[in-house]
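# Observations on the model geometry
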Amino acid sequence: MVQPPAATPSEPSSQSSSAPSAHPAADPPRGHRPDDRGRELRYLRGSAVVGDVVVPDALVVLEGERVVEVRRLETARGAAAAPDEDAVTAAAERVRGTIVPGCVDLHCHGGGGTAFTDLDAEAAAAAARHQHGRGSTSLLASLVTLAPDDLLRGVEVLADLADDGLVDGIHLEGPWLAEARCGAHDPALLRDADRSEVARLLEAGRGHVRQVTVAPERRHGLELVRWLVEGGVHAAIGHTTATYAQASEAVAAGAELATHLFNGMDPWHHREPGTVPAALAAAARGELVVELVADGTHLADETVAAVVQLVGVGRVAFVSDAMAAAGVGDGRYVLGGLDVVVDGGVARLAAGPDGAPGAIAGGTGHVAELVARAVSHGLTLPDAVACGSRTPAALLGLPDRGTLAQGSRADLLVLDDDHRVTRVMRRGRWLG
């Protein structure tokens, strides 16, 4: 927000200091106006996604870090606006573009050249701030499979980050995954769940471990789902070879999420159904949310559209699965101790001795970009925004995120005509 220029010192005067000034008081900055209760409010006017519709002319009223009102400004033909509304709208900052809620990323390993897996507080904070600046105003910091001591250290670092409000929790993607579907996880470090290790990690997280990806077919896999649910943690099915029955058992035990559906799990075979159809069926019943890395690399755009049509936007969460290369570009990186090469925007494990390309090693984009891509391939803007904000916020139990409504946190994005992010507000403050 543009601030008013600092006042210049007054010229010396022989008149009493109680005499009125010869100069009128400075006007408040554009978009600011006190209300009749003396509150310092800010007003943004423009097109906005409110609920399931695009309101062509809306007024978003902010106080500090909160949205206090979202008002539709359309008036009936021939009807006059109230005098107060005329004054308020005249003072409002005109926004060029469409205002939408900030994105909520359930699955993010880093960005801007650093990663949460670096096990370094400054690197983790830099990754979080990078994601904020690209539109993910709320996110979980995801760790990959690591040795026990390193994983514990990673949780400790990220718990501090969550205490500081830079991230909204921790996601453990590993180490309790299937070797056959490990993707970019070090297979030598995968292991069966041990309750003492799980307890140590949750204790180190101080309530900030919010989500854990599990292969339920592993030894103690279903027990792990139950341990997590008992601890108030969202259990996610992923990196798995589970059968339809095993995946369904995990849902019955309390699993609420499918980690990047289709990726890191057996393909849907019509005679040997596995996790994919089990997850879709559970989502259609309202029992599960499915993550989609809707970047055109992890999934075809038609697949994304089909899943949204099958289960509805309330059961789909767009996730970036971003690693350090997000926002940086091609080059060589490290993810969880494994070498990764990004070429043409696609991250893969470095080729092995046989020269064959490695597994996809995360995403290189941001959730807001997935929203724009989905709209360009046929989703409505409100539906795409819901997948990138409202649905993941609801899963995490963050009622003040993912919507433009009274009481919500002032996390806003402004999108241009191509639905690209041009401005980001987090906690009532414009970033950048």
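The structure presented is a predicted model; accordingly, all values stated were derived computationally and were not measured.

### A look at the overall build of the chain
Scanning the chain from N- to C-terminus turns up ten helices and 21 strands. Relative to its full complement of 432 residues, the chain shows a buried share of 53%. Residue pairs in contact within the chain that sit at least 24 positions apart in sequence constitute 67% of those at least 6 positions apart.

### Some details on the pattern of salt bridges
Inspection of every chain in the model, using the stated rule, returns 20 salt bridges. The partner of Glu 197 in a salt bridge is Arg 191, and the shortest N-O contact between them spans 2.8 Å. Residue Glu 197 shares its accessibility class with Arg 191, and that shared class is buried.

### Comments concerning helix H7 (residues 275-284)
Within H7, eight of the ten residues are buried, leaving the element largely enclosed by the surrounding structure. The elements touched by buried residues of H7 are strand S12 (234-237), helix H6 (244-253), strand S13 (257-258), strand S14 (289-292) and helix H8 (301-311). Looking one or two residues beyond H7, the residue adopting positive phi is Gly 286, at roughly 85°.

### Some words on the sheet that holds strand S10 (residues 170-173)
Strand order in this open sheet of eight strands is S6-S9-S10-S11-S12-S13-S14-S15, and the pairing throughout is parallel. Across the chains shown, the open sheet's two edge strands, defined by having one partner strand only, are strand S6 (104-108) and strand S15 (316-318).

### Considering the packing of aromatic side chains
Under the criterion given, the structure shown has zero aromatic pairs. Geometry around Trp 430 places Arg 423 over its ring, the cationic atom sitting 3.8 Å from the centre.

### What about the nonpolar core?
Core analysis: the largest hydrophobic core is formed by 96 residues, its most contacted members being Phe 116, Leu 161, Leu 172, Val 290, Val 316, Phe 318 and Val 340. At seven residues, helix H3 (residues 148-163) tops the list of elements feeding residues into this core. Two domains each provide a minimum of three residues to this core, namely domain 1 (39-101 + 403-431) and domain 2 (103-401). With sequence-adjacent residues up to four places away left out, Val 316 is seen in contact with Val 289, Val 290, Leu 292, Val 307, Val 308, Val 311, Cys 387 and Thr 391.

### Overview of the side chain of Gln 131
Counting through the fold element by element, Gln 131 comes out in helix H2 (residues 121-133). Residues in contact with Gln 131, not counting those within four places in the same chain, are Asp 105, Cys 108, Gly 110, Gly 111, Ser 136, Leu 139, Ala 322, Ala 326 and His 366.

### A word on the packing of helix H5 (residues 221-230) against H6
For the pair H5 and H6, interaxial distance at closest approach is 9 Å and the crossing angle is 20°. By the criterion of interaxial angle, the relationship of H5 to H6 is roughly parallel. For the pair H5 and H6, the crossing hand works out as right-handed. Between H5, through Leu 222, Val 225, Arg 226 and Val 229, and H6, the contact on the second element is made entirely by Gln 246, Glu 249, Ala 250 and Ala 253. Within the contact of H5 with H6, the residues separate by chemical class into five nonpolar, one polar and two charged.

### Quick look at the sheet that holds strand S16 (residues 331-335)
Reading across from one edge, S16-S17-S18 is the order of the three strands in this open sheet, with antiparallel pairing throughout. The open sheet terminates on both sides in strands that have one partner only, identified here as S16 and strand S18 (346-349). Here the strands of the sheet are splayed against their neighbours by 35° on average, with no regard to which way each runs. Relative to S18, strand S17 (residues 338-343) runs antiparallel, the two being bridged by four bridges. By the bridge assignment for S18, Val 341 is matched with Arg 348.

### Section: unusual backbone geometry
A cis amide bond links Gly 174 to the next residue, Pro 175, at an omega of 20°. Positionally, Pro 175 belongs in the loop between S10 and helix H4 (195-205). Its identity is not glycine, yet His 220 carries a phi of approximately 70°, on the positive side. Along the chain, His 220 turns up in the loop between strand S11 (209-214) and H5. Of note in this structure, His 260 is not a glycine but carries a positive phi near 25°. Here His 260 lies in the loop between S13 and H7. A relative accessible area of 3% places His 260 in the buried class.

### As for H6
Buried residues of H6: Ala 247, Ala 250, Val 251 and Ala 253, and no others. Viewed along the axis of H6, the buried residues span an arc of 165°, placing them on a single side of the element. Positive backbone phi, at 125°, marks Gly 254, one or two positions downstream of H6.

### Some thoughts on the pairing of strand S20 (residues 421-426)
Bridge analysis of strand S19 (residues 412-415) against S20 gives four bridges, and the strand direction is antiparallel. Counted as the bridge partner of Leu 412 is Met 425 from S20. The loop that links S19 with its antiparallel partner S20 comprises five residues; one of these, His 419, has a positive phi angle of about 65°. Bridge count between S20 and strand S21 (residues 429-430): two bridges; the pairing is antiparallel. Within S21, the residue paired with Arg 426 across the bridge is Arg 429. In this antiparallel pair of consecutive strands, S20 and S21, the connection spans two residues, and Arg 427 shows a positive phi of 55°.

What counts, and at which threshold
- Residues numbered from 1 in each chain as written.
- Predicted model: local features only at pLDDT ≥ 70, side-chain atom pairs only at ≥ 80, totals over all residues.
- Heavy atoms only, no water.
- Helix = DSSP H or I, 4+ residues; strand = E, 2+ residues; numbered from the N terminus.
- Buried < 20%, exposed > 50% of the residue type's maximum accessible area, 1.4 Å probe, protein only.
- Contact = heavy atoms within 4.5 Å.
- Salt bridge = Lys/Arg side-chain N within 4 Å of Asp/Glu carboxyl O.
- Pairing = 2+ DSSP bridges.
- Phe/Tyr/Trp six-rings, centres within 6.5 Å; stacked < 30°, edge-to-face > 60°.
- Lys NZ or Arg CZ within 6 Å of the ring centre and 35° of its normal.
- Core = buried A, V, L, I, M, F, W, Y, C linked by side-chain atoms within 4.5 Å.
- Domains from an automatic or database assignment.
- Axes fitted to C-alpha atoms, helices over the stretch in contact; angles between N-to-C directions.
- Parallel < 35°, antiparallel > 145°, perpendicular 65-115°, else oblique.
- Left-handed = near helix turned anticlockwise from the far one by under 90°.
- Nonpolar A, V, L, I, M, F, W, Y, C, P; charged D, E, K, R; others polar.
- Arc of directions from axis to C-beta.

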